[in-house]
Amino acid sequence: MLSIHSTSIELEGVHTDIMVQGFADRILVLVTQLGKVGNLIQASIPSTTPLLSAQDDDSLLPAPPAAIQLTPLLGGASSEHVQTLHSLYAAQIATIVWVEEAKKMAVDRRSVVVGIALREADERKTFHGVMDHIGRLIRE
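An account of the accompanying structure is given in this report.

What counts, and where the lines are drawn
- Residues numbered from 1 in each chain as written.
- Predicted model: local features only at pLDDT ≥ 70, side-chain atom pairs only at ≥ 80, totals over all residues.
- Heavy atoms only, no water.
- Buried < 20%, exposed > 50% of the residue type's maximum accessible area, 1.4 Å probe, protein only.
- Helix = DSSP H or I, 4+ residues; strand = E, 2+ residues; numbered from the N terminus.
- Pairing = 2+ DSSP bridges.
- Expected span 1.5 Å × (residues − 1).
- Phe/Tyr/Trp six-rings, centres within 6.5 Å; stacked < 30°, edge-to-face > 60°.
- Salt bridge = Lys/Arg side-chain N within 4 Å of Asp/Glu carboxyl O.

Regarding the pairing of strand E4 (residues 39-44)
In terms of residue burial, E4 counts as a mostly covered element, since six of its six residues are buried. Alternating positions in E4 separate into two faces, Asn39, Ile41 and Ala43 on one and Leu40, Gln42 and Ser44 on the other, with burial throughout. Pairing of E4 with strand E6 (residues 111-117) involves five bridges; the strand directions are antiparallel. Bridge assignment links Ala43 to a residue of E6, and that residue is Val112. Where E4 lies against strand E5 (residues 69-74), five bridges are found, and the strand directions are antiparallel. Bridge pairing links Gln42 to Thr71 in E5.

Next comes the structure, spelled out in structure tokens:
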């Protein structure tokens, strides 16, 4: 089971806090540049769904499985574009968590609850920066 891991980093000149905490039935991941939880989305997949890791190239992210189910829990996005972006974050973060847990021989595939509160910035650079740091936190 994951313990609590957190870090503070600068992404595109913006202070960003990332926290990962494991619970018995789910894993909580918070990514905030605003000092609040933001939009909460739960990601889940059946335990029988195969996960594909990012093969040999560490620069590639694992692809989220088609069977992923995203459920909004709290909050909402300011636009359809931001909602889609938050869904992308939730799916990718959950996939990274599941792939890393599978490497540690975790038997149970827990749901991942992702809280996202980001400022407007270069979406691509921020996304890759967040994913890189979440992967590092989980591997600690």
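Remarks on helix H1 (residues 80-103)
Spanning 24 residues, H1 covers 35 Å between terminal C-alpha atoms, matching the ideal 34 Å at 1.5 Å per step. Looking at the residues trailing H1, positive phi occurs at Met105, about 65°.

A closer look at the packing of aromatic side chains
With the rule as written, the count across this model stands at one aromatic pair. Seen from their ring centres, Tyr89 and Phe127 are 5.1 Å apart, and the 75° between their planes marks the pair as edge-to-face. Here Phe127 lies in helix H2 (residues 123-139) and Tyr89 lies in helix H1, a separation of 38 residues in the sequence. In this pair, the class of Tyr89 matches that of Phe127, namely buried.

Remarks on the pattern of salt bridges
All chains considered together, the criterion is met by five salt bridges. The closest approach of N and O atoms between Asp25 and Arg26, which form a salt bridge, is 2.9 Å. Take Arg26: its relative accessible area is 31%, and that puts it in the partly exposed class. When salt bridges with common partners are traced through the structure, they connect Glu100, Lys103 and Arg139 into a single cluster.

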